[in-house]
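# A look at the structure
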Amino acid sequence: MILRSRALMGSLAVSMQPRWSALTSTRFLPVCVSRALGTTRATFQWFRFRKENAVRLNRYGLVACLSFVPLPSVPAGEAPHVLPGTSRLEEMAGLPALIVQQWDTYLLGAIEKAKTERAGFWKRNYSGPEAYARSLTANRERLRRKIGAIDERLPIADLELMARLGQPALRAETLAYSVLAVRWPVFPGVHGEGLLLKPRGEPRACVVAIPDADQVPEMLAGLNPGVAPESQMARRLAEHGIMVLLPTLIDRRTIWSADERLDIHTDQSHREWIYRQAGELGRHPIGYEVQKVRAAIDWFLSAGGPAAGSRVKIGVAGYGEGGLLALYTAALDERVDAAWVSGYFQPRDQLWQEPLYRNIWGLLTEFGDAELAALIAPRGLVLEYSHAPSVTHPPPPDPEAKRIHRVAGAGRITTPDFAPVSSEWERARKLAGPFSKDFELIAGAAGKPVAFGSVEAMRSFVRLVGGQRLIASPEAFTVVQPLSAEEIDVRQRRQIRELQEFTQERLRLAEYEREKFFWSKLAPKGPEQWD
């Protein structure tokens, strides 16, 4: 009966799915921190309620739980028994808030404790660059599994041009390079999709430039408005003779976080929509998109790719959510020679305040941003302290949706102060030891943020990957055919539905995976063998 009442509490936690009006009005630390530390999700899920929901749970769930516990009978006129070491619960009104406060205190302490115990997961060997990289193999493998980058990528022979009769694949060109709409296979039914900036001659380097989730590739290429010319990093890299591949990310809007057949919509961002489906299967939108970037690197180095059999270097660069992906990709993939991370780097003690789709199970027990950066050494890393995207969740729901379920998690992204960023950076350099010589931090005067894609960061990154000197007068496009807003929406919806269907297919196959992984290995002939 007690187990049944616990299931009741769990079902209440899942079905009520609260929305928080603001991070400061109701603390939702327990569930997010518990996932970051790797604590059982069901234990803390119900603490995400608003205070009124917590009271409701106390009124029904807790009372239901207690109603199933057999208590000794007390003769009339006698005081009720009290177990040794306990006292009677006299006041119930403030119990939910007290419980949340206690979990807050415990979990914040657990974060601090995790930072001191993190070193136990690492066995760095500083005897040489190769030995250092080999000593981190187990950590990379654990990171790969934590972010859900566990599915095998498809082999790739070449990029596919995205064209139709009314819209050719060539979107723009100059005398120095052309811009093509392309896609590439990642998993069955899942593709990376975006733009290729292709130099006229042999590329000096190959870079995957990753925009923020609320930017489209065309913005960083200078085809669509939305990004200042000095921050159009993909265009400027191409002007250095570098081949640039720009992937499309799942964005933060809410339009297709829905069952379109039933016209039932949610206020979850598209990233959270994928996160909630993927998390129960050991996948994550971060892992999916890291695999898209790694599939692009597969093409760079394939038999017909631009870096096949040559000494052309590979780089990853990104801003905001793209900076996150650049950091994780370079940490995991040793084929990356240099990374440029902008608008993403700081201590992750407050990860529980960020959007839910950034939450990674058990991350903080072993990894902070400094540990991820140290995984990149002895390769190059340029960290650009720039203004992070300003994000508050839940985002506004689709105004055209008729039935909206308000179930999104709260979270925000803000620009951190320079002091904690600098402190985390110095910690990364210390962890990398003698192999951090190609690490460089770019910031403005007096620790002010710079605009992303700054001249200083561009110069440092180009030096690491081996690009040529910047063309003095960037050439204007002679042909420009940017995507319309409708075509951008079609591409975004296609990317979302590909990942959704792939995830749902993994769910349908999960039964057989469990059989293969676990049940098939059990052959009990009796109760004693079963135990």
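### Structural notes on the overall build of the protein
- Helix and strand counts for the protein stand at 17 helices and 16 strands.
- Within the protein, buried positions represent 54% of all 531 residues.
- Expressed as a percentage of contacts within the protein between residues at least 6 apart in sequence, the contacts between residues at least 24 apart total 75%.
- By element, 56% of the accessible surface of the protein is carried by carbon and sulfur atoms, the whole surface being about 24,900 Å².

### Looking at the confidence of the model for the protein
- Mean pLDDT for the protein: 85, with 84% of residues reaching 70 or above.
- Note that residues 1–31 has pLDDT below 50 and, in this model, 73 contacts with residues that lie over four places away or in other chains.
- Predicted confidence for residues 39–69 stays below pLDDT 50, and this span has 67 contacts to residues more than four positions away or in other chains.

### So, helix 14 (residues 418–432)
- Spanning 15 residues, helix 14 covers 21 Å between terminal C-alpha atoms, matching the ideal 21 Å at 1.5 Å per step.
- Among all positions of helix 14, only Val421, Glu424, Trp425, Ala428, Leu431 and Ala432 are buried. Buried residues in helix 14, looked at end-on, bunch into an arc of 120°, giving them a common side. Within helix 14, the exposed residues directed more than 90 degrees away from the buried face are Ala419 and Lys430.
- Against helix 6 (129–135), helix 13 (369–376), strand 11 (380–384) and strand 15 (439–442) lie the buried residues of helix 14.
- Looking one or two residues past helix 14, glycine 433 carries a phi angle of roughly 60°, positive in sign.

### A word on the pattern of salt bridges
- Here the structure, examined in full by the defined rule, presents 37 salt bridges.
- Across the pair arginine 348 and glutamate 354 runs a salt bridge, and its minimum N-O distance is 2.7 Å.
- If you follow the salt bridges from partner to partner, you end up with Asp212, Asp214, Arg252, Glu321, Arg348, Glu354, Arg358 and Asp369 in one network.

### Comments concerning the pairing of strand 6 (residues 243–247)
- A large share of strand 6 lies buried, amounting to five of its five residues.
- Here strand 6 shows a buried face lined by Met243, Leu245 and Pro247 and a second buried face lined by Val244 and Leu246.
- Two elements, strand 4 (residues 190–199) and strand 6, share four bridges in a ladder whose sense is antiparallel. Across the sheet, residue leucine 197 finds its bridge partner in strand 6, namely valine 244.
- Relative to strand 6, strand 5 (residues 205–210) is paired through three bridges, and the arrangement is parallel. Across the sheet, valine 208 pairs through a bridge with leucine 245, a residue of strand 6.

### Quick notes on the nonpolar core
- Leu143, Ile147, Trp184, Phe300, Val316 and Tyr328 are the most contacted members of the largest nonpolar core, which totals 76 residues.
- Top element by residues in this core is helix 11 (residues 285–301). It accounts for nine residues.
- When neighbours within four sequence positions are excluded, phenylalanine 300 is seen to be in contact with Cys206, Val207, Val208, Met243, Leu245, Gly305, Pro306, Ala307, Ala308 and Ile314.
- Among the nonpolar cores identified, the runner-up in size contains 37 residues, and Ala338, Phe452, Met458 and Val462 belong to it.

### Concerning the sheet that holds strand 8 (residues 264–266)
- The strand order across the open sheet formed by three strands is 7-8-13, and the pairing between neighbours is mixed. Each of the sheet's edge strands pairs with one partner strand only, and the pair in question is strand 7 (258–259) and strand 13 (403–405).
- In this structure, strand 8 lies alongside strand 13, joined through three bridges in parallel fashion. The residue bridging isoleucine 264 from the neighbouring strand is arginine 403, located in strand 13.

### Remarks on the packing of helix 13 against helix 14
- One way to put it is that helix 13 packs onto helix 14 with a least axis distance of 8 Å and a crossing angle of 40°. Classed by the angle they form, the pair helix 13 and helix 14 counts as oblique. Judged by the sense of rotation from one axis to the other, the crossing of helix 13 with helix 14 is right-handed. Here Asp369, Ala370, Glu371, Ala373 and Ala374 of helix 13 lie close against helix 14, whose contacting residues are Glu424, Arg427, Ala428, Leu431 and Ala432.
- A per-class count over the contact of helix 13 with helix 14 returns six nonpolar, no polar and four charged.

Cut-off values and rules
- Residues numbered from 1 in each chain as written.
- Predicted model: local features only at pLDDT ≥ 70, side-chain atom pairs only at ≥ 80, totals over all residues.
- Heavy atoms only, no water.
- Helix = DSSP H or I, 4+ residues; strand = E, 2+ residues; numbered from the N terminus.
- Buried < 20%, exposed > 50% of the residue type's maximum accessible area, 1.4 Å probe, protein only.
- Contact = heavy atoms within 4.5 Å.
- Areas by Shrake-Rupley, 256 points an atom, 1.4 Å probe, with all protein chains shown as cover.
- pLDDT = per-residue confidence, 0-100.
- Expected span 1.5 Å × (residues − 1).
- Arc of directions from axis to C-beta.
- Salt bridge = Lys/Arg side-chain N within 4 Å of Asp/Glu carboxyl O.
- Pairing = 2+ DSSP bridges.
- Core = buried A, V, L, I, M, F, W, Y, C linked by side-chain atoms within 4.5 Å.
- Axes fitted to C-alpha atoms, helices over the stretch in contact; angles between N-to-C directions.
- Parallel < 35°, antiparallel > 145°, perpendicular 65-115°, else oblique.
- Left-handed = near helix turned anticlockwise from the far one by under 90°.
- Nonpolar A, V, L, I, M, F, W, Y, C, P; charged D, E, K, R; others polar.

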